[in-house]
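# Understanding the architecture of this molecule
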Amino acid sequence: MSQWHKQLNLFFIAMGFFTRIPMPKWIEVDADKLNKASRYFGLVGLLVGAISATVYTLMLYWVSPAIAIVLAMITSVLVTGGFHEDGLADTADGLGGGWTVEAKLNIMKDSRLGSYGALALVLALLLKWQLLTELALFDPSSVSLALLLGHCLSRVVAASFIFSENYVSDTDTSKSKPLAQQQGVNELSILLATGVLVLLLVSMMQAIVLIAALVIVRYGFVRLFRKQIGGYTGDTLGAAQQGSELTCYLLLLILGVSW
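The structure presented is a predicted model; accordingly, all values stated were derived computationally and were not measured.

A few words now on the nonpolar core. Taken as a class, soluble globular proteins show a tendency for nonpolar side chains to be buried jointly. Judged by nonpolar contacts, the single largest core of 68 residues is most densely connected at Tyr 56, Leu 132, Val 143, Leu 147, Leu 149 and Phe 161. When residues of this core are assigned to their parent elements, the largest contribution, 11 residues, is made by helix H8 (residues 142-159). Look past the residues within four positions of Leu 147 in its chain and what remains in contact with it is Gly 49, Ser 52, Ala 53, Tyr 56, Ala 72, Leu 132 and Tyr 249.

Structurally, Leu 137 can be placed in helix H7 (residues 115-138). When its relative accessible area of 63% is taken as the criterion, Leu 137 is described as exposed. Along the sequence, Leu 137 and Pro 65 sit 72 residues apart, while their C-alpha atoms lie 8.4 Å from each other.

The next thing to look at is empty space enclosed by the protein. It is the rolling of a water-molecule-sized probe over the atoms that shows where space remains empty. In the structure shown here, the tally under the stated rule is 3 cavities of 30 Å³ or more. Space inside the second largest cavity adds up to approximately 50 Å³. What lines the second largest cavity is Ser 52, Ala 72, Met 73, Ser 76, Val 77, Glu 85, Leu 125, Lys 128, Leu 147, His 151 and Glu 245. Looking at which element gives the most residues to the lining of the second largest cavity, the answer is helix H4 (residues 65-80), with 4 residues.

For the largest pocket, the calculated volume is near 260 Å³. With 5 residues, the single largest contributor to the lining of the largest pocket is helix H11 (residues 204-229). A per-class count over the lining of the largest pocket returns 10 nonpolar, 2 polar and 1 charged. Considering the residues around the second largest pocket, the lining is formed by 10 residues, among which Lys 6, Gln 7, Leu 10, Lys 33 and Lys 36 are closest to the centre.

We now examine the packing of helix H5 (residues 83-97) against helix H12 (residues 234-255). H12 packs onto H5 with a crossing angle of 110 degrees between their chain directions and a minimal axis gap of 7 Å. Between H5 and H12, the angle is such that the two are roughly perpendicular. Across from His 84, Glu 85, Asp 86, Gly 87, Leu 88, Asp 90 and Thr 91 in H5, the residues of H12 making contact are Asp 235, Thr 236, Gly 238, Ala 239, Gln 241 and Gln 242. Here the contact of H5 with H12 is composed, by residue class, of 2 nonpolar, 7 polar and 4 charged.

Okay, the side chain of Ser 244 next. By the element assignment, Ser 244 lies in helix H12. For Ser 244, a relative accessible area of 0% translates into the label buried. Sequence-distant contacts of Ser 244, that is, excluding residues within four places in its chain, are made with Ser 154, Val 157, Leu 214 and Val 217.

On to the side chain of Thr 194, then. Relative to the elements of secondary structure, Thr 194 occurs in helix H10 (residues 185-198). Excluding residues within four positions of it along the chain, Thr 194 makes contact with Arg 39, Gly 42, Leu 43 and Cys 152.

Angle between the axes and distance between the axes: these two values describe a pair of packed helices. With their axes 7 Å apart at the nearest point, helix H3 (residues 41-59) and H8 run at an angle of 160 degrees to one another. Relative to H8, the element H3 is oriented roughly antiparallel. Crossing handedness for the pair H3 and H8: right-handed. From H3, Phe 41, Gly 42, Gly 45, Leu 46, Val 48, Gly 49, Ala 50, Ser 52, Ala 53, Tyr 56 and Thr 57 reach across to H8, where they touch Val 143, Ser 144, Leu 147, Leu 148, His 151, Cys 152, Arg 155, Val 156 and Ala 159. Class assignment for the residues of the contact of H3 with H8 results in 12 nonpolar, 7 polar and 1 charged.

Attention now goes to the pattern of salt bridges. It is possible for side chains of opposite charge to pair when their charged atoms get near one another. By the definition in use, this model includes 5 salt bridges. In this structure, Lys 128 and Glu 85 form a salt bridge, with 4.0 Å as the shortest nitrogen-oxygen distance. Here Glu 85 lies in helix H5 and Lys 128 lies in helix H7, a separation of 43 residues in the sequence. A relative accessible area of 5% means that Lys 128 is categorised as buried. In this structure, Lys 128 engages Glu 245 in a salt bridge whose closest nitrogen and oxygen atoms are separated by 3.6 Å. Here Lys 128 is found in helix H7, whereas its partner Glu 245 is found in helix H12, with 117 residues between them in sequence.

This part is about a nonpolar patch on the surface. Side chains of Leu 58, Tyr 61 and Trp 62 sit close together on the surface and give an oily, nonpolar patch of about 450 Å² of accessible area. Following the sequence through the fold, Tyr 61 ends up in the loop between H3 and H4.

Take the confidence of the model for the protein next. Mean pLDDT over the protein stands at 89; residues scoring 70 or higher make up 93%. Note that residues 173-177 has pLDDT below 50 and, in this model, 17 contacts with residues that lie over four places away or in other chains.

Conventions and cut-offs
Residues numbered from 1 in each chain as written. Predicted model: local features only at pLDDT ≥ 70, side-chain atom pairs only at ≥ 80, totals over all residues. Heavy atoms only, no water. Core = buried A, V, L, I, M, F, W, Y, C linked by side-chain atoms within 4.5 Å. Buried < 20%, exposed > 50% of the residue type's maximum accessible area, 1.4 Å probe, protein only. Helix = DSSP H or I, 4+ residues; strand = E, 2+ residues; numbered from the N terminus. Contact = heavy atoms within 4.5 Å. 1 Å grid on protein atoms, 1.4 Å probe; cavity = no way out; pocket = protein on both sides within 12 Å on 5 of 7 lines; lining within 4 Å. Points joined across faces, edges and corners; volume = space filled by probe spheres on them. Nonpolar A, V, L, I, M, F, W, Y, C, P; charged D, E, K, R; others polar. Axes fitted to C-alpha atoms, helices over the stretch in contact; angles between N-to-C directions. Parallel < 35°, antiparallel > 145°, perpendicular 65-115°, else oblique. Left-handed = near helix turned anticlockwise from the far one by under 90°. Salt bridge = Lys/Arg side-chain N within 4 Å of Asp/Glu carboxyl O. Patch = residues over 30% accessible without salt bridge, like charges linked within 9 Å, V, L, I, M, F, W, Y side chains within 5 Å. Areas by Shrake-Rupley, 256 points an atom, 1.4 Å probe, with all protein chains shown as cover. pLDDT = per-residue confidence, 0-100.

Here is the structure:
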């Protein structure tokens, strides 16, 4: 297998795990490849952002920006299967409803949605729509840029937890069990490089602000998860992704970015 073929194989593994887009039948999957596929999580985020941005741009010909944003959000949920939103809800339920680490983890694994999870999910989606709608008031095209940056950078932040944090969930039941074993320096380097490349879409000052803010947000999530459960689970990766995505939209609104 050529090097190009190996990298394409890893990308499709990452895409198949984090989206509902079917993998080609020739893809080879094993534990080692699943671990290495984390290098392309940011690239998968860029793909999701590009699909959402395309729907948003096309719908602007027929509907208002506010409605186009809702349709773009629906598109991202359909493409990913609500994978990260589900993680956010489960994390909120677990951290909000459990008194011990064991109780928190058990609640996260419960498929039922609790009050904390419902509140977190509704508020996150509402804030996401409001931030993007405010961006559209200044420049409708800036929403497409925000979707590309937000989806990519947030997944870079979330995936970086695999490199530095302890995996604490039951590997027999966790949503992220095929990916959570380890992340090497090569995987982290490629992951971060993806984030750096997408930041070329904005000015240097804007990129610096985004990087600084996301580092702070990551630090906050790391401290929270370490204190609450001693590390991370697949659900908390979803929560970190959603929180980072919202941070990107908020900063882009403050910075006033546009194409």
